[in-house]
Amino acid sequence: MRMATTLSVLVLGAGGIGHAVVSTLDTGIGRVDAFKDMSNRPKSGHGTNLLLVGTDGRDKVTDAERARYRLGGAPCNCTDTIMLVHLSEDRRRASLVSLPRDSYAELPEHTDATTGERHGPHPVKLNAAYAEGGPGLTVRTVEKMTGVKIDHYLEVDFTSFMRTVDAVGGVEVCTARPMKDPYSGLDLPAGTHTLGGGRALQYVRSRHVDGASDLGRMQRQQRFVAALIDRVTSGGVLLNPVRFRQVLNAAAGSVRASEGFGTEEMLSLAKAMRGFTTASSEFTSVPVGAVGVPVKGIGSTVKWDPAASKKLFDAIREDRPLAAATRKPSPSAQGASGAPASGAPGAPSSPSAAAAPSPRAKLVDVPPRQVRVQVYNGTRVAGLGARVDAALKATGFRTSGIPSNADRRDVTRTVILYDPRWDRSAKTLAAALPGAVLREVASQGPLMKVTAGADFKAVTPVRPETPLPAAAPSTGYTAVTGDQVACP
């Protein structure tokens with residue numbers, strides 16, 4: 001979430017504006033000793049690891065902003081978001097791993113940050129580590145869970161996030177479906193939107209827009225980070241000293257960092273990341289074995305998949321790209337984002353990966369590889385059916401590859417016949433065939449039937465809103481690059 005603030009500062013420094021400007025962050029940033037009395041830490045690997053923590057701090061948020069963006073009253077003094085960021089040794093790649101805040105964790109022995117009481121090891125949700133022992137206990141707990149040595153600790157609150165987004169001129173997000181969350185106040189129609197700081201905070205905090213809760217929210221946070229990187233690397237921020245200083249001032253006001261992460265460290269990283277783009281970043285979440293696992297005295301928790309998460313953190317320690325292992329999606333059944341309407345049977349799995357989406361692809365809800373299509377030629381134009389079939393297949397749809405002639409050979413407009421139980425799949429197909437007529441056929445099943453009419457010109461590329469492929473069998477985790485999750 002608000003990790004985007006600090007990561008963007010690293011990217012901003014790549015503009016080479018100089019030590020005098022970047023030092024603004026060093027003088028304004030708060031300091032915290034996140035590594036006090038730490039011993040028996042994991043061995044350091046290659047590259048640099050930062051633990052980015054977003055807290056619910058809101059001391060500098062105005063009363064009007066609290067009310068407008070539904071930020072509530074007193075903070076819980078806990079971590080709203082936790083993200084592990086790995087900067088590769090060659091400084092050409094940033095890997096961001098979201099850690100669910102409700103993850104089951106076992107705290108090491110520690111002293112309570114509030115009461116000073118000494119506690120032995122005990123189980124909690126991961127976000128409670130901050131409340132009991134502050135940044136130091138949070139770092140120790142994450143290191144224990146991941147086996148990854150943390151080199152730097154960075155902490156951002158609500159205020160810094162909002163001010164930084166406003167300083168870059170807003171960030172563009174896109175959604176295939178309307179998003180409405182009565183708790184955060186988020187209310188976005190389907191489409192593309194440029195969000196200012198307050199609305200962006202609603203977007204990354206929302207947990208009640210779908211059935212995925214915190215796991216779905218992490219995907220939106222990752223998309224937002226990718227969009228912010230795109231904004232600062234392509235929106236002229238790097239080349240505008242005034243805007244650059246505004247961003248630094250906004251970030252510095254409410255950021256805390258461990259000693260040792262200051263101007264010199266930032267400049268050395270920034271100079272190495274001059275060519276950083278959205279494609280240079282990759283995003284994933286810790287592989288989850290089970291959700292909603294009840295633990296006495298704690299509540300509902302998220303349990304990590306031990307084997308898959310070990311492979312993920314092994315890759316981090318060994319400085320290996322995460323997205324490379326899952327670049328080509330494996331067959332998968334139609335999941336939560338691509339499921340048919342309520343009560344419908346599950347759609348069958350895809351036999352092949354989808355073609356790479358066009359950068360101008362339309363955003364859709366259901367991935368085209370999960371949509372089965374039979375094409376018919378409804379005209380007297382020889383080969384039209386084969387042409388439509390091939391174009392849909394190239395876009396990623398599961399076509400039969402054997403087009404047929406329709407009963408009528410004088411169809412003027414392209415028609416899509418679909419079972420209303422698979423209406424979301426039909427909308428994906430309709431997005432690829434703009435102008436086509438949608439007609440419901442009860443009990444037709446998951447197969448979409450397209451009759452190509454005389455109006456057919458071309459297939460429009462489409463792209464799922466959340467293009468997370470099925471986990472690669474060799475790793476058990478998934479990862480995507482920033483250019484795959486930013487707006488098309």
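As the structure is a prediction and not an experimental result, all values here were calculated from the model.

Calculation rules
Residues numbered from 1 in each chain as written. Predicted model: local features only at pLDDT ≥ 70, side-chain atom pairs only at ≥ 80, totals over all residues. Heavy atoms only, no water. Helix = DSSP H or I, 4+ residues; strand = E, 2+ residues; numbered from the N terminus. Contact = heavy atoms within 4.5 Å. Areas by Shrake-Rupley, 256 points an atom, 1.4 Å probe, with all protein chains shown as cover. Salt bridge = Lys/Arg side-chain N within 4 Å of Asp/Glu carboxyl O. Buried < 20%, exposed > 50% of the residue type's maximum accessible area, 1.4 Å probe, protein only. Core = buried A, V, L, I, M, F, W, Y, C linked by side-chain atoms within 4.5 Å. Expected span 1.5 Å × (residues − 1). Bend = angle between axes of the 7 residues up to and from the residue. Pairing = 2+ DSSP bridges. Axes fitted to C-alpha atoms, helices over the stretch in contact; angles between N-to-C directions. Phe/Tyr/Trp six-rings, centres within 6.5 Å; stacked < 30°, edge-to-face > 60°. Lys NZ or Arg CZ within 6 Å of the ring centre and 35° of its normal. Polar contact = N/O pair within 3.5 Å; in protein donor to acceptor, adjacent residues only side chain to side chain. Parallel < 35°, antiparallel > 145°, perpendicular 65-115°, else oblique. Left-handed = near helix turned anticlockwise from the far one by under 90°.

Undergrad: Break down the overall build of the protein for me, with residues and values.
TA: Scanning the protein from N- to C-terminus turns up 13 helices and 26 strands. For the protein, contacts bridging at least 24 residues in sequence account for 73% of all contacts bridging at least 6. For the protein, the accessible surface area stands at approximately 20,300 Å², while carbon and sulfur atoms represent 50% of it.

Undergrad: Give me the pattern of salt bridges: which residues, what numbers.
TA: Across all of its chains, the model carries 10 salt bridges by this definition. Linking aspartate 314 and lysine 310 is a salt bridge whose minimum nitrogen-to-oxygen distance equals 2.9 Å. A residue pair is termed a helical-turn pair when its members lie 3 or 4 positions apart in one helix, as aspartate 314 and lysine 310 do in helix 10 (residues 306-317) at four residues. Aspartate 314 gets classed as buried once you look at its relative accessible area, which sits at 14%. Among the charged side chains, a salt-bridge network with shared partners connects Arg93, Glu282 and Asp319.

Undergrad: Could you give an account of unusual backbone geometry, naming the residues involved and the relevant values?
TA: Even without glycine at this site, aspartate 319 takes up a positive phi of about 60°. Assignment of secondary structure puts aspartate 319 in the loop between helix 10 and strand 18 (362-364). Positive phi, close to 65°, is recorded for serine 443, a residue that is not glycine. Here serine 443 is to be found in the loop between strand 23 (437-440) and strand 24 (448-452). Under the relative-accessibility criterion, serine 443 is labelled exposed at 67%.

Undergrad: Residues and numbers for the nonpolar core, please.
TA: In terms of nonpolar packing, the biggest core is built from 32 residues, with Leu51, Val97, Leu99, Val139, Tyr153, Phe313 and Leu322 touching the most fellow members. Only strand 2 (48-55), strand 3 (79-87), strand 4 (94-99), strand 5 (104-107), helix 4 (128-146) and helix 10 provide two or more residues apiece to this core. In terms of residue count, the dominant contributor to this core is helix 4 (five residues). Beyond its immediate stretch of four places on either side in the chain, valine 97 contacts Ile82, Met83, Leu84, Thr284, Ser285, Val286, Leu312, Phe313, Ile316 and Leu322. By size, the runner-up hydrophobic cluster in this structure holds 25 residues, among which are Phe397, Leu429, Ala430 and Met448.

Undergrad: Explain helix 4 to me, and be specific about the residues and the numbers.
TA: Its 19 residues give helix 4 an end-to-end C-alpha distance of only 17 Å, which falls more than 12% under 27 Å, the value for a rise of 1.5 Å per residue. Glycine 134 marks the point of greatest bend in helix 4, at about 130°, and the proline proline 135 comes within the next four residues. At the exit of helix 4 stands glycine 147, carrying a positive phi of roughly 75°.

Undergrad: Break down the sheet that holds strand 1 (residues 30-32) for me, with residues and values.
TA: Here we have eight strands laid out as an open sheet, ordered 1-14-9-2-3-4-15-26, and mixed in their pairing. Two strands close off the open sheet at either side, each with one partner strand: strand 1 and strand 26 (480-481). Two elements, strand 3 and strand 4, share six bridges in a ladder whose sense is antiparallel. In the sheet register, isoleucine 82 faces strand 4, and the bridge partner there is leucine 99. Lying over the sheet, helix 10 contacts strand 2, strand 3, strand 4 and strand 15 (281-285), oriented at roughly 150° with respect to strand 4.

Undergrad: Report on the packing of aromatic side chains, specifying residues and quantitative values.
TA: Taken as a whole, this structure holds three aromatic pairs when the rule is applied. Between tyrosine 203 and phenylalanine 224 the ring centres are 6.4 Å apart and the planes differ by 45°, which places this aromatic pair in the tilted class. Of the two residues, tyrosine 203 sits in helix 6 (residues 197-205) while phenylalanine 224 sits in helix 7 (residues 213-234), which places them 21 residues apart along the sequence. A relative accessible area of 0% places phenylalanine 224 in the buried class. Ring geometry for tryptophan 304 versus phenylalanine 313: centroids 5.9 Å apart, planes at 35°, classification tilted. Under the relative-accessibility criterion, tryptophan 304 is labelled buried at 15%. Through a chain of ring-to-ring contacts, three or more aromatic side chains come together here, namely Phe161, Tyr203 and Phe224. A cation over an aromatic ring shows up here: lysine 303 above the ring of tyrosine 104, its NZ or CZ 4.8 Å from the ring centre.

Undergrad: Give me the lowdown on the side chain of asparagine 377, citing residues and values where you can.
TA: Its place among the elements puts asparagine 377 in strand 19 (residues 372-377). Here the side chain of asparagine 377 touches valine 381 through a polar contact of 2.8 Å, landing on its backbone oxygen. Among residues more than four places away in sequence, those in contact with asparagine 377 are Gly383, Leu384, Gly385, Ser404, Asn405, Ala406, Arg408, Arg409 and Ala452.

Undergrad: An account of the environment of arginine 317 is needed here, citing residue identities and associated values.
TA: Take arginine 317: it is sitting in helix 10. The exposure class of arginine 317 is partly exposed, given its relative accessible area of 25%. Linking arginine 317 and glycine 45, residues 272 residues apart in sequence, is a C-alpha distance of 4.8 Å. With sequence-adjacent residues up to four places away left out, arginine 317 is seen in contact with Gly45, His46, Thr146, Gly147 and Val148. There is a polar contact of 3.2 Å between the side chain of arginine 317 and the backbone oxygen of threonine 146.

Undergrad: Could you give an account of the side chain of arginine 220, with specific residues and numbers?
TA: Tracing the sequence through the fold places arginine 220 in helix 7. A relative accessible area of 3% places arginine 220 in the buried class. Only 2.8 Å separates the side chain of arginine 220 from the backbone oxygen of serine 206, close enough to count as a polar contact.

Undergrad: Could you give me a rundown of the packing of helix 5 (residues 158-167) against helix 6, with the residues and numbers involved?
TA: Interhelical geometry of helix 5 versus helix 6 gives an angle of 125° and a closest axis separation of 8 Å. Classed by the angle they form, the pair helix 5 and helix 6 counts as oblique. Note that helix 5 runs across helix 6; the crossing there is right-handed. Side by side, helix 5 and helix 6 meet where Phe158, Phe161, Met162, Val165 and Asp166 of the first sit next to Gly197, Gly198, Ala200, Leu201, Val204 and Arg205 of the second.

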